[in-house]
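Close look at the chain arrangement
Spelled out, the chains give:
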Amino acid sequence: RPVVPIANMAGSAGKTTTAVTLAALLAESGREVLLVDVDPQSNATTWLGIDPDEVEISSGDVLMKRGTLDEAIVETSTPRLRLVPATPSLDGDAIALLGETGREQRLKLALRSCPDDVDVILIDCPGSMSLLTVSALVVATSVITVTAPSSKELEGIPKLEALIEEVAEAYNPDLRLGAVVPCIVPPASAGRLYTDALAALLEAYGEVVTPSVR
């Protein structure tokens, strides 16, 4: 089944919005979806109606083997959409994970016990090149990234591509960049700065660029 992280290197470009929206749309289309939140900001968890302060078993607990994936999975208000929630303590867990054997493989091993009825797994990653992002790439079948039409945001895509290549060489030879989603895109009347950036994005990445999201 597909395992798709939503990741970027710049942050604040609509990553979590894309992850949650895509998860909800897939669930509404009839697929059983598991969204795994490995972002210490826990925004995906909050937006799906789960209070991080009330989470008993988090993604950090799963990575640190303090709990199982089955114990961490919770239902959401969207039918067919389940969540492995995150809490802010994931920051500390990520630091502790650096000293653990097989740290890059922890998420992959945990997801082996994913319920059989799950059709697709989405992973909301941190907006940085962290061990949590690497762990998500190790288990991924393809990667979605998001970008705003600005030079700062566009610069993050080659950095993510380089990380994908490194993870593919070391752990996951079939890993690829599956889609680039332009987010927070103003209308064309906003100026050439944005239209030129979108044109450059299309020239560089072609058919993997999706329609723009306002």
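The rules behind each value
Residues numbered from 1 in each chain as written. Predicted model: local features only at pLDDT ≥ 70, side-chain atom pairs only at ≥ 80, totals over all residues. Heavy atoms only, no water. 1 Å grid on protein atoms, 1.4 Å probe; cavity = no way out; pocket = protein on both sides within 12 Å on 5 of 7 lines; lining within 4 Å. Points joined across faces, edges and corners; volume = space filled by probe spheres on them. Helix = DSSP H or I, 4+ residues; strand = E, 2+ residues; numbered from the N terminus. Nonpolar A, V, L, I, M, F, W, Y, C, P; charged D, E, K, R; others polar. Buried < 20%, exposed > 50% of the residue type's maximum accessible area, 1.4 Å probe, protein only. Polar contact = N/O pair within 3.5 Å; in protein donor to acceptor, adjacent residues only side chain to side chain. Contact = heavy atoms within 4.5 Å. Core = buried A, V, L, I, M, F, W, Y, C linked by side-chain atoms within 4.5 Å. Salt bridge = Lys/Arg side-chain N within 4 Å of Asp/Glu carboxyl O. Expected span 1.5 Å × (residues − 1). Arc of directions from axis to C-beta. Axes fitted to C-alpha atoms, helices over the stretch in contact; angles between N-to-C directions. Parallel < 35°, antiparallel > 145°, perpendicular 65-115°, else oblique. Left-handed = near helix turned anticlockwise from the far one by under 90°.

All right, on to the layout of surface pockets then. Taken as a whole, the largest pocket spans an internal volume of roughly 250 Å³. Taken together, 14 residues line the largest pocket, and the ones lying closest to its centre are Thr17, Thr18, Val181, Cys183 and Val213. Within the residue set of the lining of the largest pocket, elements represented by two or more residues are helix H1 (15-28) and strand E7 (177-182). Here the lining of the largest pocket takes five residues from H1, the largest share from any one element. Taken together, the residues of the lining of the largest pocket break down into eight nonpolar, five polar and one charged.

Next up on the list: the side chain of Arg82. Examined against the element boundaries, Arg82 turns out to sit in strand E4 (residues 81-84). Exposure remark for Arg82: the relative accessible area of 10% places this residue in the buried category. A polar contact of 3.2 Å, which involves the side chain of Arg82, links it to the side chain of Glu32. Side chain to side chain, Arg82 and Asp117 meet in a polar contact 3.1 Å long. Those residues within four positions of Arg82 in sequence are excluded, and the remaining contacts are Glu32, Val33, Leu34, Leu35, Ile73, Val74, Glu75, Thr76, Pro115, Asp117 and Val118.

This part takes up the nonpolar core. Counting residues in hydrophobic clusters, the biggest one holds 50 residues, and the most contacted among them are Val36, Leu111, Ile121 and Ile123. If one sorts the elements of this core by residue count, helix H7 (residues 131-139) sits on top with seven residues. Val4, Ala19, Ala23 and Leu122 belong to the second-largest nonpolar core, a separate cluster that totals 23 residues.

Moving on, we come to the pattern of salt bridges. Applying the stated criterion to the full structure yields eight salt bridges. With a closest N to O distance of 3.2 Å, Asp39 and Lys15 form a salt bridge. Of this pair, Asp39 sits in the loop between strand E2 (33-37) and helix H2 (43-47) while Lys15 sits in helix H1, placing them 24 residues apart in sequence. The exposure class of Asp39 is buried, given its relative accessible area of 6%. By relative accessible area, which is 6% here, Lys15 ends up buried. Its salt-bridge partner being Glu100, residue Arg106 comes within 3.0 Å of it at the nearest N-O pair. Given the relative accessible area of 29%, Glu100 is considered partly exposed.

Okay, helix H9 (residues 156-170) next. In this model, H9 (15 residues) spans 21 Å end to end at C-alpha, consistent with the 21 Å of a helix rising 1.5 Å per residue. Those residues of H9 not exposed but buried are Gly156, Ile157, Leu160, Leu163, Ile164, Val167 and Ala168. Here the buried residues of H9 occupy an arc of 135 degrees about the axis, which is enough to place them on one side. Of the residues in H9, the exposed ones pointing more than 90 degrees away from the buried face are Glu165, Glu169 and Ala170. Those residues of H9 hidden inside the fold are in contact with H7, strand E6 (143-147), helix H8 (151-154), E7 and helix H10 (192-205).

Attention now moves to the packing of H7 against H9. Angle between the axes and distance between the axes are the two parameters that describe a pair of packed helices. Close contact between H7 and H9 brings their axes to 10 Å; oriented N to C, the two are set at 55 degrees. The angle between H7 and H9 falls in the class oblique. Viewed along their axes, H7 and H9 form a crossing whose handedness is right-handed. Contact residues: H7 offers Thr133, Val134, Leu137 and Val138, while H9 offers Leu163, Ile164 and Val167. When grouped by side-chain class, the residues that make up the contact of H7 with H9 number six nonpolar, one polar and no charged.

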